[in-house]
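These are the residues of each chain, in order.
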Amino acid sequence: MPADYNGRWEMVSNENFDELMKALDIDFATRKIAAHLTQTKVLVQNGDKFETKTLSTFRNYEVNFTVGVEFEEYTKGLDNRVVKTLVQWDGDKLVCVQKGEKENRGWKHWIEGDLLHL
């Protein structure tokens, strides 16, 4: 049985966040704003189905998915890409691969103790 990701997860640190955003080719102004935000991640999990919300004082982002099912995603307000997204389990980790005009994009989520890592 995969990990239980249900909950409201508050950001406690954003180490190396600016370097990550640079590597992702996020523009300077967005990087400076994002570096000062505190984000909250709200996850509702029902088996392999996820409803996710990333909340901040600057902008919010929602994406819903089923693990193992590819879908089209518009990363509006993030880096404004249209991608084919696939999220899969790797043990208890959620691993996302995005295919589109920029290569090597995606993310990983995992839980250690009472912390959600992104």
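What comes next concerns the included structure. Keep in mind the model is a prediction, meaning the values are calculated, not measured.

Concerning the sheet that holds strand E1 (residues 7-10)
Part 1 of the argument: Strand order in the open sheet made by the four strands is E1-E2-E3-E4, with antiparallel pairing throughout. The outermost strands of the open sheet, each flanked by one partner alone, are E1 and strand E4 (61-66). Sheet twist, expressed as the average angle between the axes of neighbouring strands with direction ignored, equals 15°.

Overview of the packing of aromatic side chains
Part 1 of the argument: Taken as a whole, this structure holds six aromatic pairs when the rule is applied.
Part 2 of the argument: Their ring planes at 45° and their centres at 5.9 Å tell us that Tyr 5 and Trp 89 sit as a pair that is tilted. Note that Tyr 5 is positioned in the segment before E1 and Trp 89 in strand E6 (residues 82-90), a separation of 84 residues in sequence.
Part 3 of the argument: Judged by its relative accessible area of 0%, Tyr 5 falls in the buried class.
Part 4 of the argument: Arranged with centres 5.1 Å apart and planes meeting at 15°, the rings of Phe 50 and Phe 65 form a pair that is stacked. Taken together, the positions of Phe 50 in strand E3 (residues 49-55) and Phe 65 in strand E4 put the pair 15 residues apart, joining distant regions of the chain. Of the two residues, Phe 50 and Phe 65, neither departs from the other in class, the shared state being buried.
Part 5 of the argument: The structure contains a cluster of three or more aromatic residues connected by ring pairs, namely Tyr 5, Phe 50, Phe 65, Phe 71, Trp 89 and Trp 107.

A word on unusual backbone geometry
Part 1 of the argument: One non-glycine residue, Asn 16, lies in the positive phi region at around 60°.
Part 2 of the argument: With respect to the helices, strands and loops of the structure, Asn 16 is situated in the loop between E1 and helix H1 (17-23).
Part 3 of the argument: For Asn 16, a relative accessible area of 57% corresponds to the exposed category.

What about the environment of Gln 45?
Part 1 of the argument: Counting through the fold element by element, Gln 45 comes out in strand E2 (residues 40-46).
Part 2 of the argument: Along the chain, Gln 45 and Asp 4 lie 41 residues apart, while their C-alpha atoms are 7.3 Å from each other.
Part 3 of the argument: Only 3.2 Å separates the side chain of Gln 45 from the backbone oxygen of Ala 3, close enough to count as a polar contact.
Part 4 of the argument: At 3.1 Å, the side chain of Gln 45 and the backbone oxygen of Gly 47 are in polar contact.

Rules used throughout
- Residues numbered from 1 in each chain as written.
- Predicted model: local features only at pLDDT ≥ 70, side-chain atom pairs only at ≥ 80, totals over all residues.
- Heavy atoms only, no water.
- Pairing = 2+ DSSP bridges.
- Helix = DSSP H or I, 4+ residues; strand = E, 2+ residues; numbered from the N terminus.
- Axes fitted to C-alpha atoms, helices over the stretch in contact; angles between N-to-C directions.
- Phe/Tyr/Trp six-rings, centres within 6.5 Å; stacked < 30°, edge-to-face > 60°.
- Buried < 20%, exposed > 50% of the residue type's maximum accessible area, 1.4 Å probe, protein only.
- Polar contact = N/O pair within 3.5 Å; in protein donor to acceptor, adjacent residues only side chain to side chain.

Honestly, that's just the spatial picture; any functional story needs more than this.
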